[in-house]
Amino acid sequence: MFHSMRSKMILAMLVVTGCAVVLVTAMFYQKSAGMIEEDYVENLYGRLRQMGDALDESLKEIYFLTVQASCDEKILAGTEAYLSEGEEQDLTELAKMLRDYSGRHSEAGCFYLVIPEKQMIVTSLEYPIYHKEISEEKLDEIEKTGTASLTPALIKDPLREQDHILVFVSPVEADNGGICAYVMSCLKERTLYYNYLDNLEGGGTSRAALLDENGRIVSAKRLEHVGMYYPAEQEQGDAGTQKDREGQKSGDGRDMIFVQYRADFSGYSFLLEREKNEVLADLREIRSYLAVILLAVLGCVAVLMVVITKAMYQPLKRLTETMGQVSRGGLECRVELTTKDEIGLLSGEFNDMLDHIEDLIGRLLQEEMLKKDAELEALQYQITPHFMYNTLNSIKYAALLKGEDEIGGLLEDFIELLQASINKKGKFVTVAEEIHFLKNYMNLQRMRYEEEIVVDYQIQQEAYACFLPRLMLQPLVENAILHGLDLRGKRNRIVIGGDVEEGRLKLWVQDYGRGMSQEQIARLLQETHKKEKGLSGIGVANVKERLRLYYGDAGHVTCVSSDAGTKICMYLPAYREQNQYALYGFDMQKEKEQGYDQNGDCG
């Protein structure tokens, strides 16, 4: 089904577009959910902070009223009078004073005056005005609350055991420094819930609670939870003020959002718990719209892909058909050019390639015909090197028989030199062998120039064992003879040297002739045409190119010239092999006996 390029392109674009749209949709949904949740948490936190500050302000006012009442001289005097005289009229007066303090704040439910010595409580209520026979346990709890801290404490109402109250307790000190009573301001837990928590929950899965510093529930919707530790707080400990605590689970595994605010004065914390799905309920409705948009986008992309690929595929189809015809031998076929895009450019290049192939085929046929004619002509004039060697040897022996030893020696040198230049076996020789060939060549040149050329060999012993390509020095020496020496001016000395330093073989040819200009040096090193003069028919540029082919950057040629002469240096790696003289049949002692000293200088 997806064998054609067009179908693969449509499928690929649909997959890429679908993945991109799904990814963008998912990112949009996640980002929107995060923003909604963050805004919601910020809003809840603001409400909690407002409630916490309001509660703190109320508790602060009630606390100051409690302290003020405990320092009231009238309450102290009434208490001492009752303790000394035991008149109920004193209790009635104390109840009126407590009622006056209770009326100063709307959230202060009532005020109690606890008299431990009489085990009784005087109230600000209309009934009962006082209550006797308070248990020792209740009195101890009130005394401990009065001395523990200034923060409100949650206790059971000593008059109504079923109610929880939030109390501030302040001692009433007598003139002698002792404590004769305790003033206790009472806030009912239900009053706190309906004033501060009820409107925060808002129904649903929300749950609000007021916690003390130790994480106990001070007020909550369900009365049985009051006084218990909040489960989330039990895990988190004293976490301080937090805007958001995510990643927690409810008892049934639901994802929940927790927002908490701690008031500064009381140290109490407002904690609101709400299910995350309830917060994101409106956003879930958007997912269906996003799914519809996704399908619509994919449908539009599919239609566009069909139209676009059809326009793109037609030129490519014509190119494919033409290539098939060419592969079956139809080189005369050409692609019709209808577009100027990359496919049109490719089609034009393909047509040019076919034209070039046809031209090459025609030239190849013509060259093959010329080659056959040349081979036939060469066969007619072919002379084997073996016939030349035998003929020259016959002339040499004829000269020796007639006593012409010098002519015989020159012929022998020429035969060895001719064998070295024509022989194809062995592309590499040692420096010693190369110098041997070069001496034969110089013997012939000195005969030609009537021994006016003086040659000095300055080859280090270590360099003789190094290998180099055959006939590398001869073109340099030939160039020195033809272009460097000035025989009329008696500037006829050539130095051929060689040494090894740091693994590199250096060979040089230096003449003391008329020198060369920079233009002549550049032309010497770069000329590529074949020479018509000399033994090898090659020049210095050929030596340079052979070094590059054999050794790369490790082989090169330099040339320095002045009025005092020219020096051409050749550099290449110093490769050696043991017993090279025996391997090539070269005898240094024999060379010395023939007239060469240890440095190879001519005797």
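A quick note: this is a predicted structure, and the numbers were derived from the prediction, not measured.

Peer 1: Any chance you could explain the overall build of the protein chain here in plain terms?
Peer 2: Within the protein chain one finds 17 helices and 19 strands. Sorting the 603 residues of the protein chain into buried and exposed places 43% on the buried side. In the protein chain, the share of contacts with a sequence separation of at least 24, taken over all contacts with a separation of at least 6, comes to 63%. Counting only carbon and sulfur atoms, one obtains 53% of the accessible surface of the protein chain, whose full area is about 34,500 Å².

Peer 1: Which parts of the structure should I look at to understand the packing of helix α12 (residues 431–448) against helix α13 (residues 473–484)?
Peer 2: The relative placement of two packed helices comes down to the angle between their axes together with the axis-to-axis distance. Put simply, α12 and α13 touch, their axes get as near as 10 Å, and they point 30° apart. Judged by the inter-axis angle, α12 sits roughly parallel to α13. The handedness of the crossing between α12 and α13 is right-handed. Residues E434, I435, L438, Y441, M442 and Q445 of α12 form the contact with α13, whose participating residues are L473, Q474, V477, E478 and I481. When its residues are assigned to classes, the contact of α12 with α13 shows 7 nonpolar, 2 polar and 2 charged.

Peer 1: Explanation requested: the sheet that holds strand β17 (residues 556–562) in the structure shown.
Peer 2: One open sheet accounts for 5 strands, arranged β13-β15-β16-β18-β17; its pairing is mixed. With one partner strand each, in any of the chains shown, β13 (454–459) and β17 form the two edges of the open sheet. Within the sheet, the average angular offset between the axes of one strand and its neighbour, ignoring direction, is 10°. Here strand β16 (residues 504–511) pairs with strand β18 (residues 565–573) via 8 bridges, running antiparallel. What sits directly across from R504, in β18, is P573.

Peer 1: Sorry if this is basic, but what is going on with helix α14 (residues 518–526) here?
Peer 2: Along an α-helix, residues three or four apart share an orientation, since each turn contains 3.6 residues. Those residues of α14 that sit buried are I521, L524 and L525. Relative to the axis of α14, the buried residues are bounded by an arc of 90° and lie together on one face. For α14, the exposed residues lying more than 90 degrees away from the buried face are E519, R523 and Q526. Buried positions along α14 lie against α13, α15 (540–551), β17 and β18.

Peer 1: Before we go on, may I ask you to explain the sheet that holds strand β2 (residues 120–123) in this structure?
Peer 2: Two strands in a sheet stick together by hydrogen bonds in their backbones, pointing the same way (parallel) or opposite ways (antiparallel). Taken in spatial order, the 6 strands make up an open sheet running β3-β2-β1-β6-β5-β4, and their pairing is antiparallel. The open sheet has two edge strands, β3 (130–132) and β4 (153–156), and neither has a second partner. Strand-to-strand twist across the sheet, computed as the mean angle between neighbouring axes with direction ignored, equals 35°. Relative to the sheet, helix α2 (residues 73–85) contacts β1 (110–115), β2, β3, β5 (164–173) and β6 (179–188), its axis offset from that of β1 by approximately 40°. The strands touched by helix α5 (residues 189–201) within the sheet are β5 and β6, with β6 carrying the most contacts at an inclination of about 40°.

Peer 1: Help me understand the pattern of salt bridges, please; the structure alone is not making it clear to me.
Peer 2: Note on pairing: side chains with opposite charge can pair once their charged atoms come close. All told, the structure shown has 12 salt bridges when counted by the stated rule. Of the charged contacts in the structure, one is a salt bridge between R216 and D212, with a shortest N-O distance of 3.5 Å. On the basis of relative accessible area, R216 is assigned to the partly exposed category, the value being 28%. A salt bridge links R576 to E462, with the nearest nitrogen and oxygen atoms 2.9 Å apart. Highlighted residues: R576 in strand β19 (residues 575–576) and E462 in the loop between β13 and β14 (466–469), separated in sequence by 114 residues. A relative accessible area of 44% places R576 in the partly exposed class. According to the relative accessible area criterion, E462 is partly exposed, its value standing at 41%.

Peer 1: I tried to follow a nonpolar patch on the surface on my own but got confused; where do I start?
Peer 2: Side chains of V303, L304, V307, I308 and M312 sit close together on the surface and give an oily, nonpolar patch of about 460 Å² of accessible area. Relative to the elements of secondary structure, L304 occurs in helix α8 (residues 281–327).

Peer 1: Looking at this model, I keep getting lost on unusual backbone geometry. Mind explaining?
Peer 2: Leaving glycine out, the prevailing phi sign among residues is negative, and the prevailing peptide bond configuration is trans. A cis amide bond links Y127 to the next residue, P128, at an omega of -10°. Topologically, P128 is positioned in the loop between β2 and β3. Phi at E133 is positive, roughly 60°, even though this residue is not glycine. With respect to the helices, strands and loops of the structure, E133 is situated in the loop between β3 and α4 (136–148). Take E133: its relative accessible area is 72%, and that puts it in the exposed class. Of note, L471 is a non-glycine position whose phi angle comes to about 55°, a positive value. Within the secondary structure layout, L471 lies in the loop between β14 and α13.

Peer 1: In this structure, what is going on with the packing of aromatic side chains? I would like to understand it.
Peer 2: The description of an aromatic ring pair rests on the distance of the ring centres and on the angle between the ring planes. Scanning the entire structure with this criterion turns up 10 aromatic pairs. Put simply, the rings of Y63, F64, F168 and F265 touch in pairs and so form one group of aromatic residues. Its guanidinium or amino end placed over the ring of Y457, K439 lies 5.3 Å from that ring's centre, counting from NZ or CZ. In this structure, K567 packs its charged tip against the face of W508, placed 4.9 Å from the ring centre.

Peer 1: Sorry if this is basic, but what is going on with the packing of α2 against helix α3 (residues 88–102) here?
Peer 2: Running from amino to carboxyl end, α2 crosses α3 at an angle of 155°, the nearest separation of the two axes being 9 Å. For the element pair α2 / α3, the angle class is roughly antiparallel. Judged by the sense of rotation from one axis to the other, the crossing of α2 with α3 is left-handed. Seen from α2, the contacting residues are K74, I75, G78, T79, A81, Y82 and E85; seen from α3, they are D90, L91, L94, M97, L98 and Y101. Residues belonging to the contact of α2 with α3 are distributed by class as follows: 8 nonpolar, 2 polar and 3 charged.

About the criteria used
Per-chain numbering applies: the sequence of each chain, read as written, is numbered from 1 onward. With pLDDT at 70 or above as the cut-off, local features in this predicted model cover only qualifying residues; side-chain atom pairs require 80 or more to be listed or tallied, and sums for whole chains, interfaces and linings still use all residues. To obtain the side-chain values, all non-hydrogen atoms of the structure were used and water was disregarded. Numbering of helices and strands runs from the N terminus; a helix is a DSSP stretch of H or I covering at least four residues, while a strand is a stretch of E covering at least two. Accessibility here uses a 1.4 Å probe with only protein chains present; expressed as a share of the type maximum, an area under 20% marks a residue as buried, one over 50% as exposed, and anything in between as partly exposed. Every residue pair with non-hydrogen atoms within 4.5 Å of one another is taken to be in contact. Only the protein chains shown count as covering a residue, and every accessible area follows the Shrake-Rupley method with a 1.4 Å probe. Only C-alpha atoms enter the line fits that serve as axes; for helices the fit covers just the stretch in contact. Angles between N-to-C directions range over 0 to 180 degrees. Each angle receives one of four descriptions, namely roughly parallel if under 35 degrees, roughly antiparallel if over 145, roughly perpendicular if within 65 to 115, and oblique otherwise. Helix crossings are classified by the rotation of the near helix relative to the far one: an anticlockwise turn of less than a right angle makes the crossing left-handed, while a clockwise turn makes it right-handed. Three residue categories are used. Nonpolar comprises Ala, Val, Leu, Ile, Met, Phe, Trp, Tyr, Cys and Pro, charged comprises Asp, Glu, Lys and Arg, and polar comprises the others, including Gly. Between any two strands, pairing holds if DSSP finds at least two bridges. As used here, the arc is the angular range of directions from the helix axis to the C-beta atoms. Between Lys or Arg on one side and Asp or Glu on the other, a salt bridge is scored when a side-chain nitrogen of the former is within 4 Å of a carboxyl oxygen of the latter. To count toward a patch, a residue needs a relative accessible area over 30% and no salt bridge; like charges are then connected within 9 Å, while nonpolar side chains (Val, Leu, Ile, Met, Phe, Trp, Tyr) are connected within 5 Å. Centres within 6.5 Å make a pair out of two Phe, Tyr or Trp rings, where for Trp the six-membered ring is used; the pair is then stacked when the planes are under 30 degrees apart, edge-to-face when over 60, and tilted otherwise. Think of it as a cone above the ring: NZ of Lys or CZ of Arg counts as a charge over the ring if it is within 6 Å of the ring centre and within 35 degrees of the ring normal.

That's the geometry; what it means functionally is another story.
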